[in-house]
Amino acid sequence: MQLNVKDLAIDNEGFLWAGTEDGLHKFNSYEFKALLHDPEDNSSIPDDHIRGLLYTNDTLWIATNSKGIVGFEPSKMEYFNLDSKKINTNLNTGYDVFFLDDSTLLFALKNYIVKYERAKKTYTVIALPKNNRDIAVTSVLPISDNEVWFGTTSQGILKFNLNNNKIEETKILEEAEDIYLFEANDLIMAGTKSGLFQLHKDKKPDLIFETASVKCFYMFNPETLMLGTEIGLYKFNFKTEKFTSVVFTNQFNRTLKTFDINNIIGDDKGNIWLGTEGDGLIHYNSYQKKFNTIKIKLDEYPNKENISSFQFLKGRDSTLWIGSKWGIVKYFHKNDNFKLYNIPYNALIYTVAKDLNGQIWSGGFTTGLLKYNSETDSFKKISSGNLKDNDVINIIPVSKEKLWVCTWTGGIYEYNIKKEEFNEILIDEKRINRARTSLIDSEGSIWLGTEEGVYKVNKESEIKRFFSKDSENGPLSGNRIFAIKEDRKGNIWLGTNSGLTKLNAKTHESEHFFKQKGLPNDFIYSILIAPDDNIWVSTNYGISELDIKNNTFKNFTSSDGLQNNEFNGKAGYQDEFGNFYFGGISGINIFKPEEIIENPYIPRTHIESIELFNKPIDINAVYTDTLEFRSDENVITLNFTGISYLNPEKSFYTYKMEGFDANWRPATKNRSTTYTNLNPGNYTFKVKSSNDEGKWNENIDTIFIKIVPPWYNTLWFKILLVLLFLLATRVFYLYKTRKIKKDNLKLEMQVNTRTKEIKQKNKDLEKAYSDVEKQRNNIEFLMRELTHRVKNNLQIISSLLNIQANNMEEEQSSSALRVAKNRILTISQIENKTPHDNGILEIDHFIRHISEVIIESLSDDENLKFKTVFRLNSNLSALNFNATMIGLILNELITNTTKYAFEKTSETNELLICSTVEGNYLILIIKDNGKGYQQDDITKNNTLGVELVREMVEQLDGNILVNSFDGTENIIRIPI
């Protein structure tokens, strides 16, 4: 915004308007929106150079430099001009707009005044008295029902008759320039370049203030009038008739320069704005400053503006002891003076305490323990003795005879006041450093706040340590303890580097409060408890009050009058009168919690603008209550604001889209929200806001949003679709009915024909089936007969081979015949066991049966030297299974075991026959625990049996693995 603020206005919605030499600016308590002239846009403001503003009803009247008087309707965002061409008069240079009554406005232009009738929208142009210089009306003051006084730029005061629209010159301040008239408490004031005059009807004006040129007025309260001048702001008290200069300070209490004030405006919520020449806009709120700040001023350090304070102690006669960065300071409240006590090296004083005898003690970094002598008004250092560290950070009066003195790195010492002796105290058998804060609770227990949690020492010297949940799963929110306080219910409150902890001293249950729960900052320096039991804490970002009834925080910053946002450790104190003291890097705040002035006003909430796909849409959302979007326009952003000119950054918002959100959204400081993929339908967006103290405005702002469904999802289209479906169904039904009848006749004829053919074919099939059945029975008979004859012949051949073998003397020949016999018997048994109708063969039963037959046959020829163990996978069957090959393989391998595996009979001799399935393979294992043989023997002794086994396995597309360790193991893998 341009810094030359010529005039100000407030509209009915609460927005502030500022007219400058570079456009019109709208302020929503957060940011300015500039309305500037665009030569290529006829809808923009006609002129950027603005001299005067007036808002009435729904129109903002603007006095411009080159386009005269312009009307602006915020609800329509439209401008309009007076038609000066009809009266052939130059009305292009505007100065100001004045409200005369509900029906009449006065427009001040160069050398003219225009009387505008609002109801009729007609105007009368009246020429001002001619002079050798241009003249303009600067102010208007009604004197009676018919008479108005004009203050002018160069012709004194003029009288205007409302009945005949005639202007009369007067001798009142005829030499004065830039006259601004104002009436208050039956006094007529005239501000001029020469100062302020009081006007009388029967005598000459009195110059009552000649310090500066007076340009504007504002009635601050019934007793006080504000004067805006070229050298700043002044207050006039009607009772004392005295003028007082108003000093402007920033949030750090630094005095600002004087301002050239053009205009003053206020509202009914305690806000006052000052438009300045070259310094922009200044805002003041009567509820802004909730705290007074005392800055430490030391004669020894006149150039130190900010002196940090630490621990406090109330003294006698309205005095306050202060531990400061430069030593011990005594503050005299009555005369607002400070005294710095002579301490070696001007050390930082971190602790000040009064013992149970009323004696004052102090300590700090490098100071050791200091004792105050009231007679000499000085501090004396106590001889260190056994005190190993002179950095004293805490003094605890534990009895009339003893103090506990806590040091930075030397631990804790008990000081005997009478004997003047130090003795180190070990807590839990160890030295405790940096016990910067402490508490003696209602039960007499001593609590020590350290860098490693808090220690509780009861009267029986029993020690309990509490620590952080993060480090050791303890009840505290942080291990670095800066403050400890006990409330009236016996709860212990601890300020840590990681939030605030409420600890139940009996159950040790705790509750934590962090920034996420409303604290302004997690670093808690001091804790004070108010009479209403609310908890006050100082932090690195202001101070905060915890309402224990609903666990909500109210935060205060430097904008509320605090010395600074940053406070110091131990700099929290409550005296016997209920005064709170909080100290920080720029001074001290002293107050009573119950006397803090709260802001009673709640902000008015407005939906300011709407965005579609993150681009603003051209509507005036403040004055719009209904919006309509297509179904594909589904990324909608709503921007809103609560007009709160007092600490708007502390305001919160909550909103709800009825029809989409089930509940109100959580409170947030964000002033916009985006909804995506809203289904077609009707929605109502609601939003409300709170003021800086958390008070909510229940008068919500709403906007109705309609998402229009696509044409194919509209009601009329669905009805049409249903009708078309019913019609199509009817037509299709008629068509199908006729076709079915026609097809039925044709089908009936075909059925009769086909029925005859089928009956004939059935007869032929029955005859053919009878013939086939007879043939199948004949074949089965022949197969049974063939099988029987083959088995008989095999039995005969086997018997002949057995007789031959028994009658042969040569063992090798005899053995060969017996092997051949066994092979033939095996084939016979296989044929007996194998189904002849391509049925399913149960492999486990087949292997067991064939193996038992082979073993039984071998036992007839010689005594068996082993026992047989079967481990066969049950329920194993196959459809296409070459049983003959498997049987012969079993015969060869079992025969080899019988002949070669064992030299003598033993109970441990064992032949193991296993079968299992892995995937599509049958795994057959024939293993004995006999003497085995070397791999070379297998190769060299290439016997017929071994060769047969290998060839048969290869014919089955399988493989065989022979192991001869602790006997012989044959592992055969055959696909099934």
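Read on for a plain summary of the structure. (Residues numbered from 1 in each chain as written. Predicted model: local features only at pLDDT ≥ 70, side-chain atom pairs only at ≥ 80, totals over all residues. Heavy atoms only, no water.)

1. With respect to the overall build of the chain
1) Next: Along the chain, the regular secondary structure elements total seven helices and 70 strands.
2) Next: Compactness check: the chain gives a C-alpha radius of gyration of 55 Å against a globular reference of 30 Å for 976 residues, more than 25% above the reference.
3) Next: Reported as C-alpha extents along the three principal axes, the dimensions of the chain are approximately 175 × 115 × 50 Å.
4) Next: Out of the 976 residues belonging to the chain, those deemed buried represent 47%.
5) Next: Look at the contacts in the chain between residues 6 or more apart in sequence, and 50% of them connect residues 24 or more apart.
6) Next: When the accessible surface of the chain is totalled, it reaches about 51,400 Å², and 47% of it is carbon and sulfur.
7) Next: Here the chain contributes 116 positively and 131 negatively charged side chains, and the mean placements of these two sets differ by 3 Å. (Helix = DSSP H or I, 4+ residues; strand = E, 2+ residues; numbered from the N terminus. Rg over C-alpha atoms; globule rule 2.2 N^0.38 Å. Buried < 20%, exposed > 50% of the residue type's maximum accessible area, 1.4 Å probe, protein only. Contact = heavy atoms within 4.5 Å. Areas by Shrake-Rupley, 256 points an atom, 1.4 Å probe, with all protein chains shown as cover. Lys, Arg positive; Asp, Glu negative; His and termini not counted. Charge placed at Lys NZ, Arg CZ, Asp CG, Glu CD.)

2. Looking at the sheet that holds strand β24 (residues 242-245)
1) Next: In spatial order, the strands read β21-β22-β23-β24; together these four strands make up an open sheet with antiparallel pairing. Each having just a single partner strand, β21 (214-221) and β24 make up the two edges of the open sheet. If you compare each strand with its neighbour and ignore which way they point, the axes differ by 25° on average.
2) Next: The pairing of strand β22 (residues 224-229) with strand β23 (residues 232-237) spans six bridges and is classified as antiparallel. Each bridged residue has a counterpart across the sheet, and for L227 the counterpart in β23 is Y234. (Pairing = 2+ DSSP bridges. Axes fitted to C-alpha atoms, helices over the stretch in contact; angles between N-to-C directions.)

3. A few points about unusual backbone geometry
1) Next: Located in the positive-phi region is N57, a residue other than glycine, with phi close to 50°.
2) Next: Checked against the element boundaries, N57 lands in the loop between β5 (50-56) and β6 (59-64).
3) Next: Phi at N647 is positive, roughly 50°, even though this residue is not glycine.
4) Next: Position of N647 among the secondary structure elements: in the loop between β59 (635-643) and β60 (653-658).

4. Quick look at the pattern of salt bridges
1) Next: Tallied over the full model, the rule gives 35 salt bridges.
2) Next: Here K193 makes a salt bridge to E177, at a shortest N to O gap of 3.8 Å. With K193 in the loop between β18 (187-192) and β19 (195-199) and E177 in the loop between β16 (166-169) and β17 (180-184), this residue pair connects regions lying 16 residues apart in the sequence.
3) Next: For K193, a relative accessible area of 47% translates into the label partly exposed.
4) Next: A relative accessible area of 29% means that E177 is categorised as partly exposed. (Salt bridge = Lys/Arg side-chain N within 4 Å of Asp/Glu carboxyl O.)

5. Topic: the environment of I307
1) Next: Inspection of the secondary structure puts I307 in the loop between β28 (293-294) and β29 (309-314).
2) Next: Taking the C-alpha atoms as reference points, I307 and S644, separated by 337 residues in sequence, lie 34 Å from one another.
3) Next: Ignoring anything within four residues of it in the chain, the contact list for I307 reads I296, L298, S324, W326, G584, I585 and G587.

6. Observations concerning a nonpolar patch on the surface
1) Next: The grouping of L715, I719, V722, L723, F725 and L726 at the surface amounts to a nonpolar patch, some 640 Å² of accessible area in total.
2) Next: Overall, the relative accessible area of 57% leaves F725 in the exposed class. (Patch = residues over 30% accessible without salt bridge, like charges linked within 9 Å, V, L, I, M, F, W, Y side chains within 5 Å.)

7. Focus: helix α5 (residues 883-901)
1) Next: The terminal C-alpha atoms of α5 lie 26 Å apart, and with 19 residues this matches the ideal 27 Å at 1.5 Å per residue to within 8%.
2) Next: For α5, a buried count of 15 out of 19 residues is recorded, marking the element as mostly surrounded by other parts of the structure. (Expected span 1.5 Å × (residues − 1).)

8. Points about the sheet that holds strand β7 (residues 69-73)
1) Next: Read from one edge of the open sheet, four strands run β5-β6-β7-β8, paired in antiparallel fashion. Looking at strand neighbours, the two that pair on one side only are β5 and β8 (78-81), the edges of this open sheet. Along the sheet, successive strands turn relative to each other by an average axial angle of 25°, direction set aside.

9. Comments concerning the packing of aromatic side chains
1) Next: All told, the structure shown has 55 aromatic pairs when counted by the stated rule.
2) Next: Seen from their ring centres, W321 and F379 are 5.6 Å apart, and the 90° between their planes marks the pair as edge-to-face. Taken together, the positions of W321 in strand β30 (residues 319-324) and F379 in strand β36 (residues 378-381) put the pair 58 residues apart, joining distant regions of the chain.
3) Next: Since its relative accessible area comes to 12%, F379 is described here as buried.
4) Next: Between Y573 and Y581, the aromatic rings sit 5.5 Å apart at their centres with planes inclined by 50°, giving tilted as the arrangement. Of the two residues examined, Y573 and Y581, each falls in the buried class. (Phe/Tyr/Trp six-rings, centres within 6.5 Å; stacked < 30°, edge-to-face > 60°.)

10. Describing the pairing of strand β40 (residues 421-425)
1) Next: Summarising the sheet, strand β39 (residues 412-416) and β40 pair through five bridges and their orientation is antiparallel. In the strand pairing of β40, Y415 is matched with F422.
2) Next: Hairpin connection from β39 to β40: four residues lie between these consecutive antiparallel strands, with E420 at a positive phi of about 55°.

11. Describing the side chain of D7
1) Next: Within the secondary structure layout, D7 lies in strand β1 (residues 5-10).
2) Next: Buried within the structure, D7 lacks any salt-bridge partner; R51 is the closest side chain of opposite charge, at an N-O distance of 11 Å.
3) Next: Leave out the neighbours within four places in its chain, and D7 touches W17, A18, G19, R51, G52, L53, D96 and N263.

12. Notes on the pairing of strand β43 (residues 453-457)
1) Next: Among the five residues in β43, five count as buried, and that is most of the element.
2) Next: Where strand β42 (residues 446-450) folds back onto β43 in an antiparallel hairpin, the turn is made up of two residues.
3) Next: The pairing of β43 with strand β44 (residues 463-466) spans four bridges and is antiparallel. Across the sheet, K456 pairs through a bridge with K464, a residue of β44.
4) Next: Linking β43 to β44, which pair antiparallel, is a turn of five residues; within it S461 sits at a positive phi near 65°.

13. Looking at the nonpolar core
General note: in soluble globular proteins, nonpolar side chains tend to be found buried as a group.
1) Next: Ranked by size, the top nonpolar core spans 36 residues in total, and within it F846, I847, F881, I886, I889, L890 and I894 carry the most contacts.
2) Next: Only α4 (843-861), β65 (867-872), α5, β67 (910-918), β68 (921-928), α7 (944-955) and β70 (968-975) provide two or more residues apiece to this core.
3) Next: Counting residues per element, this core draws most heavily on α5, which supplies nine residues.
4) Next: One finds L320, V329, F338 and A571 within the second-largest nonpolar core, a separate group that totals 28 residues. (Core = buried A, V, L, I, M, F, W, Y, C linked by side-chain atoms within 4.5 Å.)

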